[in-house]
Amino acid sequence: QVYFKNKLKLALIGQSLFGQEVYSHLRKEGHRVVGVFTVPDMDGKADPLALAAEKDGTPVFKFPRWRVKGKTIKEVVEAYRSVDAELNVLPFCTQFIPMDVIDSPKHGSIIYHPSILPRHRGPSAINWTLIMGDKKAGFSVFWGDAGLDTGPILLQRSCDVEPNDTVDALYNRFLFPEGIKAMVEAVQLIADGKAPRTPQPEEGATYEHTRKKENAKISWDQSAEVLHNWIRGHDKVPGAWTEINGQMVTFYGSSLLSSSVPPGEPLEIKGAKKPGLVTKNGLVLFGNDGKALMVRNLQFEDGKMIPASQYFSGGETSVVELTPEEMKVAETIKAIWAGILSNIPVIEDSTDFFKSGGRSMDVARLIEEIRQKCGGLQLQSEDVYLATKFKDFIQKIVRKLRGEDQEAELVVDYVSKEVNEMTVNMPYQCFINGQFIDADDGKTYDTINPTDGSTICKVSYASLVDVDKAVAAAKDAFENGEWGRMNARERGRLMYRLADLLEENQEELATIEALDSGAVYTLALKTHIGMSVQTFRYFAGWCDKIQGSTIPINQARPNYNLTFTKKEPLGVCAIIIPWNYPLMMLAWKSAACLAAGNTLVLKPAQVTPLTALKFAELSAKAGFPKGVVNIIPGSGGIAGQRLSEHPDIRKLGFTGSTLIGKQIMKSSCRVSN
């Protein structure tokens, strides 16, 4: 169908994986790329855009520069004009392109810029979007002109900035995938003669300089939110830094601290009025407003990066011995490194990924190839930055495969009580995307012990925003996360592990159930908790036994035709449970849901939320990936109603009154329609 549309002859000018993807998508749409103009090879490695074009037989030109002393290089321009392009496409270009090249084609030139112009003109637009605390991010495709990012707008797209987004997070979630689509759409609009040229307004226009290391020093006399924006706006390049013990230390992985400050060891920071705290989860920093933030990783002047929680230990960890199966994984990863670091003859234990020529764009390639060739293993960019030497990288991979890094990531702020001759630790916050967090608006409510009317603790009161976050986390875990790629047997292993943890903690769970619901302790222990354990073990066994069926059908050639069914998970399931038998109701509904491969958002009864939140903690300790289990305590009128009408919920399980059941049916029907 695409070949019936109008098509253009294109010159692609630029570089990077983004440029490569734009190039490939434009070719798929039937446009003819008559020339690719990119940067010279670096350390013997061609740019990804050049590699893709050379593989397709597209003419590739690698110019170190287009001008000398302000004058266009004649040979370069002649080579450009030889391809006779009708439109220049600049997806990402670090070179200065002369105006006689920009204006040369019939349709001129279009350029991608990662901000909502006219705001944040200049080369560090994504950084400044975060540094300035913008609530919206986005990109513009504009027509090239003689100004600096001042040309008329062809199209723009925007997205919300999440509180803990980094440059990488924004780029990977929105700017990269949506930018590729937008560049292809823009070219087609030009081909069809429908592309607008909307002049940029001067109102709201800003231009910011390139971020450099010497300008990225942290000024401490500011609020926690401003400090957080400064750090995440410089993550990963050039990196916000400060001075600790006479050494430059760069901070990465900042997040605002919504819960109470965990205990830790004080760390003096030059210029900060209050010492930081090295905790088991990271380095806590304080703003001048009394609020706090946490950074996960630190980098020293020699380039070594460590988890911030290991500052006083120097980041040293014990060496693990590899099993034969893990040795095979290591060999696979060594081959991947060798393919990326093609200029290195042999990958040794001491080979450093970045010192051997690896670049930030190669990190994305490394992560993707490991995912494809190592059973769907999901890595983050920081996994590479924290272990740049091959031996250290393999150690990190092995620990991740063994699940040794998961429990350390969980931060739980407990309410503790001495009850039933034991210390009972009860989470009280919403559990969303693998983290316990306060409600978005900070609201709480009292959960009451029905035996004497006393307040057990204050529990987060989930808002509509919290429900949407939980559903989004569950959807992402299902569509993009490790859970969606996990085989059925591995799902069963996690569920068996969860059943074991429920059994190991049965006395504490029974005590919480008795406190929160008024159940007799012995009944809670034997029935509420005991049956929940049995339920999870039962459904764990079903994970790899869910099968479809084949049915022979009689056609012209008997036995050569058949129909078949394949049973697949639906996606995000919502579960709303009542106050009686809180954990058992949870188990009956969620165990089957998880066994089939779905993700869930569960709202416990408003009066009995505590065992559900304890269940969330145990699910994380069992190794369930982030976003698979989400628990949102709160009211049925707010959280429950939003779940029943949410467009991303594929199935809803409810036990409660007939009146509320009718209301849920009406809401679900409105979504379906």
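Residues numbered from 1 in each chain as written. Predicted model: local features only at pLDDT ≥ 70, side-chain atom pairs only at ≥ 80, totals over all residues. Heavy atoms only, no water.

- Per an unreviewed UniProt entry, the recorded name for the protein is Aldehyde dehydrogenase 1 family member L2, and the organism is Loxodonta africana.

**A word on the overall build of the protein**
Then, number 1: Within the protein one finds 20 helices and 28 strands.
Then, number 2: Its C-alpha atoms give the protein a radius of gyration of 28 Å, near enough to 26 Å, the size a compact globule of 673 residues would have.
Then, number 3: Dimensions of the protein, computed from the C-alpha atoms along their principal axes, are close to 90 × 85 × 60 Å.
Then, number 4: The buried share of the protein, reckoned over its 673 residues, is 51%.
Then, number 5: Residue pairs in contact within the protein that sit at least 24 positions apart in sequence constitute 67% of those at least 6 positions apart.
Then, number 6: Total accessible area on the protein stands at roughly 31900 Å², and carbon and sulfur atoms take up 51% of it. (Helix = DSSP H or I, 4+ residues; strand = E, 2+ residues; numbered from the N terminus. Rg over C-alpha atoms; globule rule 2.2 N^0.38 Å. Buried < 20%, exposed > 50% of the residue type's maximum accessible area, 1.4 Å probe, protein only. Contact = heavy atoms within 4.5 Å. Areas by Shrake-Rupley, 256 points an atom, 1.4 Å probe, with all protein chains shown as cover.)

**Side note on helix α14 (residues 488–504)**
Then, number 1: With 17 residues, α14 should reach 24 Å at 1.5 Å per residue; the first-to-last C-alpha distance of 24 Å fits that figure.
Then, number 2: When α14 is considered as a whole, its buried residues turn out to be R491, G492, L494, M495, L498, A499, L501 and L502.
Then, number 3: Buried residues in α14 make contact with α13 (482–485), α15 (506–517), α16 (521–542), α17 (582–595) and α18 (610–622).
Then, number 4: Of the residues that open α14, the one with a side-chain oxygen 3.2 Å from the backbone nitrogen of R489 is N487. (Expected span 1.5 Å × (residues − 1). Polar contact = N/O pair within 3.5 Å; in protein donor to acceptor, adjacent residues only side chain to side chain.)

**Description of the pattern of salt bridges**
Then, number 1: On inspection of all chains with the given rule, the structure shows 32 salt bridges.
Then, number 2: When the shortest N-O distance is used, the salt bridge between K45 and D362 registers 2.9 Å. Residue K45 is found in the loop between β2 (32–38) and α2 (48–56), and its partner D362 is found in helix α9 (residues 360–373); the two are separated by 317 residues along the sequence. The same class applies to K45 and to D362, which are both buried. (Salt bridge = Lys/Arg side-chain N within 4 Å of Asp/Glu carboxyl O.)

**Some remarks on the packing of aromatic side chains**
To describe a pair of aromatic rings, one takes the distance between the centres and the angle between the planes.
Then, number 1: For the structure shown, the criterion picks out 25 aromatic pairs.
Then, number 2: Seen in terms of ring centroids, F18 and Y112 are 4.6 Å apart; in terms of plane orientation they differ by 45°. Their pairing is tilted. Residue F18 is located in helix α1 (residues 16–28), and its partner Y112 is located in strand β7 (residues 109–113); the two are separated by 94 residues in the primary sequence. Each member of the pair, F18 together with Y112, is buried.
Then, number 3: Centroid distance F354 to Y385: 5.1 Å. Interplanar angle 15°. Geometry classified as stacked. Here Y385 lies in helix α10 (residues 381–385) and F354 lies in the loop between α8 (324–340) and α9, a separation of 31 residues in the sequence.
Then, number 4: Its relative accessible area of 25% is what places F354 among the partly exposed residues.
Then, number 5: Looking at Y385, the relative accessible area reads 17%, which means it is buried. (Phe/Tyr/Trp six-rings, centres within 6.5 Å; stacked < 30°, edge-to-face > 60°.)

**Comments concerning the nonpolar core**
Then, number 1: M495, F536, L594 and F624 are the most contacted members of the largest nonpolar core, which totals 59 residues.
Then, number 2: Those residues in contact with F624 that lie beyond four places of it in its chain are W483, L494, M495, L498, L594 and S619.
Then, number 3: Judged by nonpolar contacts, the second largest core, of 38 residues, contains L8, L10, C159 and L175. (Core = buried A, V, L, I, M, F, W, Y, C linked by side-chain atoms within 4.5 Å.)

**Focus on the domain arrangement of the protein**
Then, number 1: Domain annotation for the protein reports domain 1 (9–192), domain 2 (213–310), domain 3 (324–402) and domain 4 (414–545 + 566–671).
Then, number 2: Distance from the C-alpha centre of domain 2 to the C-alpha centre of domain 3: 28 Å. (Domains from an automatic or database assignment.)

**Points about the UniProt feature "domain: Carrier" (unreviewed entry) in the protein**
Then, number 1: Listed under "domain: Carrier" (unreviewed entry) in the UniProt record, and renumbered for this structure, are residues 324–401.
Then, number 2: Across residues 324–401, helical content stands at 62% and strand content at 0%; the span's end C-alpha atoms are separated by 14 Å. (UniProt positions renumbered as here; feature names shortened; annotations may be inferred.)

**Quick look at the sheet that holds strand β8 (residues 136–143)**
Then, number 1: The 7 strands are arranged β3-β2-β1-β6-β7-β8-β9 in an open sheet whose pairing can be described as mixed. A single partner strand is all that each edge strand has here, and the edge strands are β3 (60–62) and β9 (153–160). The mean angle between the axes of side-by-side strands here comes to 15°, regardless of whether they run parallel or antiparallel.
Then, number 2: As defined by bridge partners, β7 adjoins β8 across 4 bridges and the pair is classed as antiparallel. Among the inter-strand pairings, I110 is bridged to a residue of β8, identified as W143. (Pairing = 2+ DSSP bridges. Axes fitted to C-alpha atoms, helices over the stretch in contact; angles between N-to-C directions.)

**Observations regarding unusual backbone geometry**
Then, number 1: With an omega dihedral of 15°, the bond running from L117 to P118 counts as a cis peptide bond.
Then, number 2: Assignment of secondary structure puts P118 in the loop between β7 and α5 (125–131).
Then, number 3: We note that D84 has phi near 55°; this positive angle belongs to a residue other than glycine.
Then, number 4: Following the sequence through the fold, D84 ends up in the loop between α3 (74–81) and β6 (87–90).
Then, number 5: Note on D84: relative accessible area 49%, which makes it partly exposed.
Then, number 6: For N245, which is not a glycine, the phi torsion comes out positive at approximately 50°.
Then, number 7: Within the secondary structure, N245 is located in the loop between β10 (240–244) and β11 (247–256).
Then, number 8: Judged by relative accessible area, N245 falls into the exposed class, the value being 65%.

**Description of the pairing of β7**
Then, number 1: When you tally the buried positions in β7, you get 5 out of 5 residues, the bulk of the element.
Then, number 2: Of the two faces of β7, the one lined by S109, I111 and H113 and the one lined by I110 and Y112 are each fully buried.
Then, number 3: Sheet topology note: the β6/β7 ladder contains 3 bridges and is parallel. Each bridged residue has a counterpart across the sheet, and for N88 the counterpart in β7 is S109.

**Some details on the environment of R491**
Then, number 1: Assignment of secondary structure puts R491 in helix α14.
Then, number 2: Remark: the alpha-carbon pair of R491 and D56, spanning 435 residues in sequence, is separated by 42 Å.
Then, number 3: In this structure R491 touches W483, M486, C543, L594, A595, A596 and G597, once residues within four positions along its chain are discounted.

**Regarding the state of the cysteines**
Then, number 1: In this structure the tally under the stated criterion is 0 disulfides.
Then, number 2: The closest cysteine sulfur to the non-disulfide-bonded C593 is located on C573, 3.9 Å from its own sulfur. (Disulfide = S-S within 2.5 Å.)

**Examining a nonpolar patch on the surface**
Then, number 1: A cluster of nonpolar side chains, contributed by Y538, W542 and I546, occupies part of the molecular surface with about 320 Å² of accessible area.
Then, number 2: Mapped onto the elements, I546 comes out in the loop between α16 and β23 (549–552). (Patch = residues over 30% accessible without salt bridge, like charges linked within 9 Å, V, L, I, M, F, W, Y side chains within 5 Å.)

**Let's talk about the packing of α14 against α16**
Then, number 1: Relative orientation of the contacting elements α14 and α16 amounts to 165°, with a least axis distance of 8 Å. Classed by the angle they form, the pair α14 and α16 counts as roughly antiparallel. Regarding α14 and α16, the two cross each other, and that crossing is left-handed. Residues G492, M495, Y496, L498, A499, D500, L502 and E503 of α14 form the contact with α16, whose own contacting residues are I529, V533, F536, R537, F539, A540 and G541.
Then, number 2: Of the residues assigned to the contact of α14 with α16, the class counts are 10 nonpolar, 2 polar and 3 charged. (Parallel < 35°, antiparallel > 145°, perpendicular 65-115°, else oblique. Left-handed = near helix turned anticlockwise from the far one by under 90°. Nonpolar A, V, L, I, M, F, W, Y, C, P; charged D, E, K, R; others polar.)

**Comments concerning the side chain of D134**
Then, number 1: Here D134 is to be found in the loop between α5 and β8.
Then, number 2: In this structure D134 comes out as buried when scored by relative accessible area, which is 11%.
Then, number 3: Only 2.9 Å separates the side chain of D134 from the side chain of R119, close enough to count as a polar contact.
Then, number 4: With near-sequence residues (within four places) excluded, D134 lies in contact with R119, H120, T129 and V161.

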